[in-house]
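Each chain is listed here by its residues.
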Amino acid sequence: MTPALRHAPVMVAHSYYLAHDPKQTARMRPYPPLATLLAASLLRERGMAVRLFDAMLSEGVHEFELALDAEAPAIVGIIEDNFNFLTKMCTTRMREATLAMIRAAKDRGCRVAVNGSDATDQPATYLAAGADAVITGEAEHTFAELVAAWQRDSAARLDDIPGLRLGTPMNGGVHATPARPFLDDLDALPFPAWDLVDVARYRSAWGSAHGRLSWNVVASRGCPYHCNWCAKPVFGTRYAQRTPENVAEELAQLRATVAPDHVWFADDIFGLTAPWITRFADEVRRRDARIPFMMQSRVNLMRPPVVAALATAGCEEVWLGVESGAQHILDGMDKGTRLNQVRAATRTLRGAGIHTGWFIQLGYLGEDWADILRTRDLVREERPDDIGVSVAYPLPGTGFYERVRTQLGTKRHWEDSGDLAMMFRGTYTTPFYREVRDLLHDEVAAGGTQDLDDRWAALAHREPDARTTTTATTA
């Protein structure tokens, strides 16, 4: 039996370095790694010493190496923040950073476990880099059991721990242990280990850019809807919620400790129903825990009773997955929404004094110039307060990916979140979609006027030449 690691600290980390993402650096809206902090809390609850390496405001992997040398952990868990949409993109920069972090930890003799969307999709890549285990699905309990096993015996067999992918040295393959059931009782988890975070550094970054500190909270896991381009490698298609009382209590404790000025609910869909949101508003009021917040939802859910309850609870901004102004594109996505619901949701939110943001996706299969103009016209007519524009991104494990996989070239991941490269044979080229993106943002800034018609006309003149004739492989 090899020596036990019981008294050595465990380091939890993640690989999203804001400094590696120019678009997000310019926006400067950093959030601490929520899923990583939940894993840390569960380890602490089980009596384990935990350190955090927070890559978000770090300059690069060299700082992780310095932290390893200073803390000398025996076990490292690179637990990605699976609640942050940026990690779901599986960008090249994130993958490269994770692989470098694995190598750095292994060079120092650490046991290494990895959890995240890309590691779940491509475990062999991470095991080949030196990871001892890839955690699939929700990480908290799997990582805690893994740490306990390694602390008992650093060479322990791990086949009895559900939710792992392990290397098979004899043939270089991957062995899967039994799947771990999803967590249903989310209230049983401790609150995130906020005290491990350098709050002052986040406050300074947010204050300099926006004049207030925003913090992240999550009230649910998963999404019950079935958009065919949306990858769900960690939380699946089920929807599990914390109780309104539990979430309100977290806000109360956040106010007393971190004292944020604003909260981002990082749920794929926050609240879901009017009864849950109404109870949440009541519990927030009872605890005097009201903090202005931003959330994500769907247009079909933004009915007047839900919106009224959200306003009472403190909601100031809702982001909606609008995607396109062409109904046949929404139908092709299996979106399950109608354009009249987009209009109704936006107007209902505006009537309650809640700002509206729209996610728009360009380049989905079958979209042509007329469809792009329909999206423009929808923006002009309904005047959302903000938009986020992307292009269709084939993520492994999705129906959309399977439809275009034969068109994919060597480039299968964006370099960073601002890449906006077409990786399959869409209607138009990457530069053309980038121009459409810029024009749509200018439409919002112009407040829905027709001042941009000349630029749209110039783009329409170039439209035939911008059509894609070969598979896109580069940006």
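Use the structure listed above.
Bear in mind that the values here come from a model prediction, so they are computed numbers and not experimental data.

1. Concerning the overall build of the chain
Here comes step 1: Helix and strand content of the chain: 18 helices and 15 strands.
Here comes step 2: In terms of C-alpha radius of gyration, the chain reaches 23 Å, essentially the compact-globule figure of 23 Å for 475 residues.
Here comes step 3: C-alpha extents for the chain along the principal axes are approximately 75 × 60 × 40 Å.
Here comes step 4: Carbon and sulfur atoms form 50% of the exposed surface of the chain, whose accessible area is close to 18900 Å².
Here comes step 5: Charge-centre separation for the chain: the mean point of 52 positive side chains lies 2 Å from the mean point of 61 negative side chains.

2. A word on the pairing of strand S4 (residues 111-115)
Here comes step 1: With four of five residues buried, S4 lies mostly within the body of the structure.
Here comes step 2: With five bridges joining them, strand S3 (residues 75-79) and S4 adopt parallel strand pairing. Bridging across to S4, glycine 77 finds its partner in alanine 113.
Here comes step 3: Note: S4 against strand S5 (residues 133-135), three bridges, orientation parallel. When the bridges of S5 are listed, alanine 113 appears paired with alanine 133.

3. Considering helix H11 (residues 274-287)
Note that an α-helix has 3.6 residues per turn; residues three or four places apart therefore point the same way.
Here comes step 1: The first and last C-alpha atoms of H11 sit 20 Å apart over 14 residues, in line with the 20 Å expected at 1.5 Å per residue.
Here comes step 2: Buried within H11 are the following residues: Trp276, Ile277, Phe280, Ala281, Glu283 and Val284. Down the axis of H11, the sector holding all buried residues measures 170 degrees, keeping them to one side. Of the exposed residues in H11, the ones pointing more than 90 degrees away from its buried face are Pro275, Arg285 and Arg286.
Here comes step 3: Looking at the buried positions of H11, the neighbouring elements they touch are strand S10 (240-241), helix H10 (244-257), strand S11 (262-265), strand S12 (293-297) and helix H12 (304-313).
Here comes step 4: The N-capping residue of H11, defined by a side-chain oxygen 3.4 Å from the backbone nitrogen of tryptophan 276, is threonine 273.
Here comes step 5: A positive phi of about 55 degrees marks aspartate 288, the residue just after H11.

4. Brief notes about the pattern of salt bridges
Here comes step 1: A complete count under the given rule lists 33 salt bridges for this structure.
Here comes step 2: For glutamate 283, the salt bridge goes to arginine 287, with nearest N and O atoms at 2.5 Å. With a gap of four residues between them, glutamate 283 and arginine 287 both fall in helix H11, about one helical turn apart.
Here comes step 3: Arginine 467 is the salt-bridge partner of glutamate 463, the closest N and O atoms lying 2.8 Å from each other.
Here comes step 4: Residue glutamate 463 is classed as buried on the basis of its relative accessible area, which comes to 11%.
Here comes step 5: Assessed through its relative accessible area of 39%, arginine 467 is described here as partly exposed.
Here comes step 6: Here the salt bridges share partners, and the residues they tie into one network are Glu138, Glu140, Arg221 and Arg238.

5. As for the nonpolar core
Here comes step 1: Counting 134 residues, the largest nonpolar core has Phe143, Phe280, Met302 and Leu310 as its most contacted members.
Here comes step 2: Per-element tally for this core: the top contributor is helix H2 (residues 34-45), with eight residues.
Here comes step 3: Phe53, Val76, Met101 and Ile102 belong to the second-largest nonpolar core, a separate cluster that totals 26 residues.

6. Side note on the environment of threonine 25
Here comes step 1: You can see threonine 25 is positioned in helix H1 (residues 22-27).
Here comes step 2: Overall, the relative accessible area of 31% leaves threonine 25 in the partly exposed class.
Here comes step 3: Considered as a pair, threonine 25 and valine 247 are 222 residues apart in the sequence and their alpha carbons are 30 Å apart.
Here comes step 4: Not counting residues within four places of it along the chain, the set of residues in contact with threonine 25 comprises Leu18 and Ala19.

7. Digging into the sheet that holds strand S8 (residues 214-217)
Here comes step 1: With parallel pairing, the six strands of this open sheet are ordered in space as S8-S11-S12-S13-S14-S15. Edge positions in the sheet fall to S8 and strand S15 (386-391), since each of these pairs with one other strand and no more. Ignoring strand direction, the axes of neighbouring strands in this sheet form an average angle of 20 degrees.
Here comes step 2: Pairing geometry for S8 and S11, over four bridges, is parallel.

8. Some points on the sheet that holds strand S2 (residues 50-53)
Here comes step 1: Pairing is mixed in the open sheet, where seven strands are placed in the order S2-S1-S3-S4-S5-S6-S7. Single-partner strands in this sheet number two, and they are S2 and strand S7 (173-176). When the angles between neighbouring strand axes are averaged without regard to direction, this sheet yields 25 degrees.
Here comes step 2: Summarising the sheet, strand S1 (residues 10-13) and S2 pair through four bridges and their orientation is parallel. The partner of methionine 11 across the bridge, within S2, is arginine 51.
Here comes step 3: Strands S1, S2, S3 and S4 of the sheet are contacted by helix H5 (residues 92-107), whose axis makes an angle of about 160 degrees with S4.
Here comes step 4: Across the face of the sheet, helix H8 (residues 140-152) comes into contact with S1, S3, S4, S5 and strand S6 (164-168) while running at roughly 165 degrees to S3.

What counts and what doesn't
- Residues numbered from 1 in each chain as written.
- Predicted model: local features only at pLDDT ≥ 70, side-chain atom pairs only at ≥ 80, totals over all residues.
- Heavy atoms only, no water.
- Helix = DSSP H or I, 4+ residues; strand = E, 2+ residues; numbered from the N terminus.
- Rg over C-alpha atoms; globule rule 2.2 N^0.38 Å.
- Areas by Shrake-Rupley, 256 points an atom, 1.4 Å probe, with all protein chains shown as cover.
- Lys, Arg positive; Asp, Glu negative; His and termini not counted.
- Charge placed at Lys NZ, Arg CZ, Asp CG, Glu CD.
- Buried < 20%, exposed > 50% of the residue type's maximum accessible area, 1.4 Å probe, protein only.
- Pairing = 2+ DSSP bridges.
- Expected span 1.5 Å × (residues − 1).
- Arc of directions from axis to C-beta.
- Contact = heavy atoms within 4.5 Å.
- Polar contact = N/O pair within 3.5 Å; in protein donor to acceptor, adjacent residues only side chain to side chain.
- Salt bridge = Lys/Arg side-chain N within 4 Å of Asp/Glu carboxyl O.
- Core = buried A, V, L, I, M, F, W, Y, C linked by side-chain atoms within 4.5 Å.
- Axes fitted to C-alpha atoms, helices over the stretch in contact; angles between N-to-C directions.

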